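This is what each chain is made of:
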Amino acid sequence: MPQVKLAPSILTADFGRLADEVRAAEVAGADILHLDVMDGRFVPNITFGPLLVEALRKVTKLPFDLHLMIVEPERHLDAFAETADTINVHIEVSPHINRTLDTIHRLGKRAGVCLNPGTSVAAIEESLPDADQVMVMTINPGWGGQQMIPRQLEKVARIRKLLDAGGYGADIEIDGGVKAGNALQCARAGASVLVCGSSVFNREKSVAESVAALRAALG
């Protein structure tokens, strides 16, 4: 099993000391920084926009995995292209998803397609050749700290089979409820990137201890 990358999400970090939290994640050995952009329309929560992402770019060298949970994401791709490394958009709000993925590629970024728990794998099957990453939401998006919906791992396994059968090189990223207790199960289902929010940024352990626990769980 290839090494799984850890992508701490700042959604549950302390925003009053966000730069320190991000630096701590980098020092702890995180592979990627996951950034959830929410507009209060596609999901009920509102988070942040390009200005905060630009500010964080100055404090870390970690690759930025941008998760656009917004309507009409096509209108905002240029605004994030300077700072993001991967831009992920939801199939549910991108009716012309292949054109959107192509636009992201033309901006020089990795392109990801996301699907919510209630969205069928069939919705993205035709887009797999054009995607660098497939993000499977294992919670209903909008809030951090939720419990994983276990049956979503079956969806991950189905996507892994499709990618392998087609010879496609896309990563599978799991977002939602990832913890030390289920990280290995996620990897065995076929995930290569794990988004970790409250399992990294929490009051029980330091960021370093939390990242180490996830690494240990993955073996």
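All values derive from a computational prediction rather than experimental measurement.

Student: Got a minute to help me understand the nonpolar core in this structure?
Tutor: One recurring pattern in soluble globular proteins: nonpolar side chains tend to sit buried together. Formed by 59 residues in total, the largest nonpolar core has its most connected members in I10, L35, L66, L68, I159, I174 and L194. Ignoring anything within four residues of it in the chain, the contact list for I174 reads V136, T138, M148, L153, V156, C186, A191, V193, L194 and V195. F42, V43, M69 and V71 belong to the second largest nonpolar core, which has 6 residues in total.

Student: Can you help me understand the pairing of strand β8 (residues 193–196) in this one?
Tutor: Both faces of the sheet carry side chains from a regular strand, because those side chains alternate between them. Both faces of β8 are covered, namely the face carrying V193 and V195 and the face carrying L194 and C196. In the sheet, strand β1 (residues 5–8) pairs with β8 via 4 bridges, with the strands oriented parallel. Looking across to β8, one finds that K5 is bridged to V193. Pairing of strand β7 (residues 171–175) with β8, which is carried by 3 bridges, proceeds in the parallel orientation. Within β8, the position partnered with I174 by the bridge is L194.

The rules behind these values
By convention here, each chain's residues receive numbers from 1 onward along its written sequence. It should be noted that, the model being predicted, local features are given only for residues of pLDDT at least 70 and side-chain atom pairs only at 80 or more, the latter also being counted only at that level, while totals for whole chains, interfaces and linings use all residues. For the side-chain quantities, the full set of heavy atoms in the structure was used; hydrogens and water were omitted. As used in this record, nonpolar core signifies buried Ala, Val, Leu, Ile, Met, Phe, Trp, Tyr and Cys residues forming a set joined through side-chain atoms within 4.5 Å. Summary of the burial criterion: residues with accessible area below 20% of their type's maximum are buried, those above 50% are exposed, and those between are partly exposed, where the area comes from a 1.4 Å probe applied to protein chains only. Here, two residues are considered to be in contact whenever any of their heavy atoms come within 4.5 Å of each other. Numbering of helices and strands starts at the N terminus; helices are DSSP runs of H or I of at least 4 residues and strands are runs of E of at least 2. Pairing between two strands is assigned when DSSP locates at least 2 bridges connecting them.

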